[in-house]
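# Coordinate inspection notes
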Amino acid sequence: MTNFSATKKLFSLPDGMTYLDGNSLGPLPIAAQDRIAACVRDEWGEMLITGWNKAGWMVQPRALGDRIGRLIGAEPGHVVIGDTLSIKVYQALASALELRPGRKVILSDNGNFPTDLYMADGLARSLGQDHRVVTPAPEDVADQIAAIGEDLAVLMLTEVDYRTGRRHDMPALIRAAHDVGALVVWDLAHSAGALPVDLSGANADFAVGCTYKYLNAGPGAPAFIYVAPRHSAAVRPALSGWLGHDAPFAFDLDYRPGDGIDRMRVGTPPVLQMAALDAALDIWDQIDMKDIRTRSIELCERFIAGVEAACPDLRLASPRNPETRGSQVSFHFENGYPAMQALIARGVIGDFRAPDIMRFGFTPLYIDEGDVNRAIETVTDIMTNRLWDRPEYHTRAAVT
Ligand SMILES: *Cc1c(COP(=O)(O)O)cnc(C)c1O
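Anyway, here's the lowdown on the structure attached to this text. (Residues numbered from 1 in each chain as written. Predicted model: local features only at pLDDT ≥ 70, side-chain atom pairs only at ≥ 80, totals over all residues. Heavy atoms only, no water.)

## Points about the overall build of the protein
When its secondary structure is counted, the protein shows 12 helices and 15 strands. Against the compact-globule benchmark of 21 Å for 400 residues, the protein has a radius of gyration of 22 Å, which places it among compact chains. Each of the three principal axes of the protein carries a C-alpha extent, and together these read 70 × 60 × 40 Å. Burial statistics for the protein: of 400 residues in total, 55% are counted as buried. Counting only contacts in the protein whose residues sit at least 6 apart along the sequence, the fraction spanning at least 24 positions is 72%. Split by element, the accessible area of the protein, about 16700 Å² in all, is 53% carbon and sulfur. (Helix = DSSP H or I, 4+ residues; strand = E, 2+ residues; numbered from the N terminus. Rg over C-alpha atoms; globule rule 2.2 N^0.38 Å. Buried < 20%, exposed > 50% of the residue type's maximum accessible area, 1.4 Å probe, protein only. Contact = heavy atoms within 4.5 Å. Areas by Shrake-Rupley, 256 points an atom, 1.4 Å probe, with all protein chains shown as cover.)

## A few points about the site of the ligand
Taken together, Thr 84, Leu 85, Ser 86, Phe 113, Thr 115, Asp 116, Thr 158, Asp 187, Ala 189, His 190, Tyr 212 and Lys 213 are the residues near the ligand. Thr 84 places a polar side-chain atom, nitrogen or oxygen, 2.9 Å from an oxygen atom of the ligand. Taking Lys 213, its side chain carries an N or O atom lying 2.5 Å from an oxygen atom of the ligand. Coverage of the ligand by the protein amounts to 86% of the 390 Å² it exposes when considered alone. Using a 2 Å cut-off from the grid points, one finds that the ligand occupies the largest pocket. Looking at the shell around the ligand, the elements that each hand over two or more residues are α5 (85–98) and α6 (114–127). Along the lines of polarity and charge, the residues of the shell around the ligand split into four nonpolar, five polar and three charged. (Near = heavy atom within 4 Å. Polar contact = N/O pair within 3.5 Å; in protein donor to acceptor, adjacent residues only side chain to side chain. 1 Å grid on protein atoms, 1.4 Å probe; cavity = no way out; pocket = protein on both sides within 12 Å on 5 of 7 lines; lining within 4 Å. Sits in = over half its atoms within 2 Å of the grid points. Nonpolar A, V, L, I, M, F, W, Y, C, P; charged D, E, K, R; others polar.)

## As for the layout of surface pockets
The space that makes up the largest pocket amounts to roughly 290 Å³. Lining of the largest pocket is provided by 19 residues; of these, Leu 85, Phe 113, Thr 115, Tyr 212 and Lys 213 occupy positions nearest its centre. At the level of elements, α5 and α6 are the ones that each hand at least two residues to the lining of the largest pocket. Each residue belonging to the lining of the largest pocket can be placed in one class, and the counts come to six nonpolar, eight polar and five charged. (Points joined across faces, edges and corners; volume = space filled by probe spheres on them.)

## Section: the pattern of salt bridges
Evaluated as defined, the whole model comprises 25 salt bridges. Close ionic contact of Asp 368 with Lys 8 constitutes a salt bridge, the shortest N to O distance being 3.1 Å. Placement of Asp 368 in the loop between β15 (357–361) and α12 (369–384) and of Lys 8 in helix α1 (residues 4–8) is noted, with a sequence separation of 360 residues between them. The residue Arg 256 makes a salt bridge to Asp 252 at a minimum N-O spacing of 3.1 Å. By relative accessible area, Arg 256 is classed as partly exposed at 39%. Connected via shared salt-bridge partners are Arg 35, Arg 67, Asp 278, Asp 282 and Asp 285. (Salt bridge = Lys/Arg side-chain N within 4 Å of Asp/Glu carboxyl O.)

## Quick notes on the side chain of Thr 363
By the element assignment, Thr 363 lies in the loop between β15 and α12. We classify Thr 363 as buried; its relative accessible area is 6%.

## Describing the sheet that holds strand β14 (residues 351–353)
Sheet architecture is open: four strands sit in the order β11-β12-β15-β14, paired in antiparallel fashion. Two strands bound the open sheet, and with one partner strand each, they are β11 (315–316) and β14. Pairing of β11 with strand β12 (residues 328–332), which is carried by two bridges, proceeds in the antiparallel orientation. What sits directly across from Leu 316, in β12, is Phe 331. (Pairing = 2+ DSSP bridges.)

## Some thoughts on α12
Taking 1.5 Å of rise per residue, 16 residues should cover 22 Å, and α12 covers 22 Å from first to last C-alpha, within 8% of that figure. Every buried residue belonging to α12 is among Asp 371, Val 372, Ala 375, Ile 376, Thr 378, Val 379, Ile 382 and Met 383, and all of these are buried. As for α12, its buried residues are in contact with α1, β2 (18–19), α10 (289–310), α11 (336–345), β13 (348–349) and β15. Where α12 begins, one side-chain oxygen reaches toward the backbone nitrogen of Gly 370, 3.1 Å away; that side chain belongs to Asp 368. With its phi angle positive at about 50 degrees, Arg 386 sits one or two positions after the end of α12. (Expected span 1.5 Å × (residues − 1).)

## Quick notes on the sheet that holds strand β5 (residues 105–107)
Taken in spatial order, the seven strands of this open sheet run β4-β10-β9-β8-β7-β5-β6, and their pairing is mixed. Of all strands in the sheet, those with a lone pairing partner are β4 (79–82) and β6 (132–134), marking the two edges. Sheet twist, expressed as the average angle between the axes of neighbouring strands with direction ignored, equals 20 degrees. Pairing between strand β9 (residues 206–210) and strand β10 (residues 223–227): five bridges, direction antiparallel. Bridging across to β10, Ala 207 finds its partner in Tyr 226. Here α6 sits on the sheet in contact with β5, β6, β7 (152–158) and β8 (183–187), set at roughly 155 degrees to β7. (Axes fitted to C-alpha atoms, helices over the stretch in contact; angles between N-to-C directions.)

## Comments concerning the packing of α11 against α12
The N-to-C vectors of α11 and α12 enclose an angle of 130 degrees; their axes lie 10 Å apart at closest approach. Our classification of the angle between α11 and α12 gives oblique. The interaxial crossing formed by α11 with α12 has right-handed handedness. Only Thr 378, Val 379 and Ile 382 of α12 make contact with α11, whose side of the interface consists of Ala 339, Ala 342 and Leu 343. (Parallel < 35°, antiparallel > 145°, perpendicular 65-115°, else oblique. Left-handed = near helix turned anticlockwise from the far one by under 90°.)

Structure follows, in structure tokens:
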């Protein structure tokens, strides 16, 4: 059983802060500070260009990918890191579409994160093959798969809805999509490090995700991509960068895709961010995702019960059944923005998602019952005494 009071000590959390926003940006692993400093001083500073070989910078994207792979049920050798999640969405979708020529529909849902939908739209436009992006309500996706049938090229979904925490039934949707001959791209932005994922067991085709949310690798940390072994020799990378080439240092003028997942690399990897990711994964290497899930459900249930008992104006936006919920809890409240600002002013950090959602992430590595109790008390005080209704809490910042 994971010792969560020990893992909490591995993070730098400011005194007096209850951080319920690790679903947006994970906190700093204490060891990352020295790891990054050492990378700067001993590797960049001392080795300079030889660091690519001597410090292993060039092979790290695969090694780090495999450590993430363990958390998401990927086969070893089929995950690589790099770029940002938006780029990885584009890559996965482009490859999947190419494997299903002639089919015209990209099916997603209207709860998906906008960048995923924007990337799909942009890709469809540049392909110029009349692809349509269809976005029903999340609960209607299964019916749509059947209705679209053989015109469905790719089902592209985020497993856990960033706003409500609603979780799709991954194995069932993969089966349904495969039944009509389509491929599936999963965005694991709110799954990796949040709950157990079994890509291999669910027969997934493609998956992508980021490392700065639940995985705690810091702002701007690279994304990851998974391609199932059965597709890895067939996919053609749309972003055919030199580091995805079979022999980057042959400097051939013609592109020849690298072996397996290596072809999903694009350009130079972010070495300093990889140092932070390495330190963050040192913590994850010790963790059983089943323990995370059990604990996350306990914390979420405690928060929901406490808030609902004391704050009738907050309406649960997340599924009530923990099985169909990710590792976050969201409430609707028409004054959600100022209420969240009031909470942040008191050291309880969640965030706000338009139009009216107050969102709280529960991350067992560093959040315990004491934090949940404090959050409930603070929410209760702010709601019962209308402390949110002050002019300074109503001014919107650029990042909400
Ligand atoms: C956070 C998030 C993103 C962010 O993409 P970046 O390119 O890393 O900025 C994309 N998709 C989903 C579903 C997310 O939750």
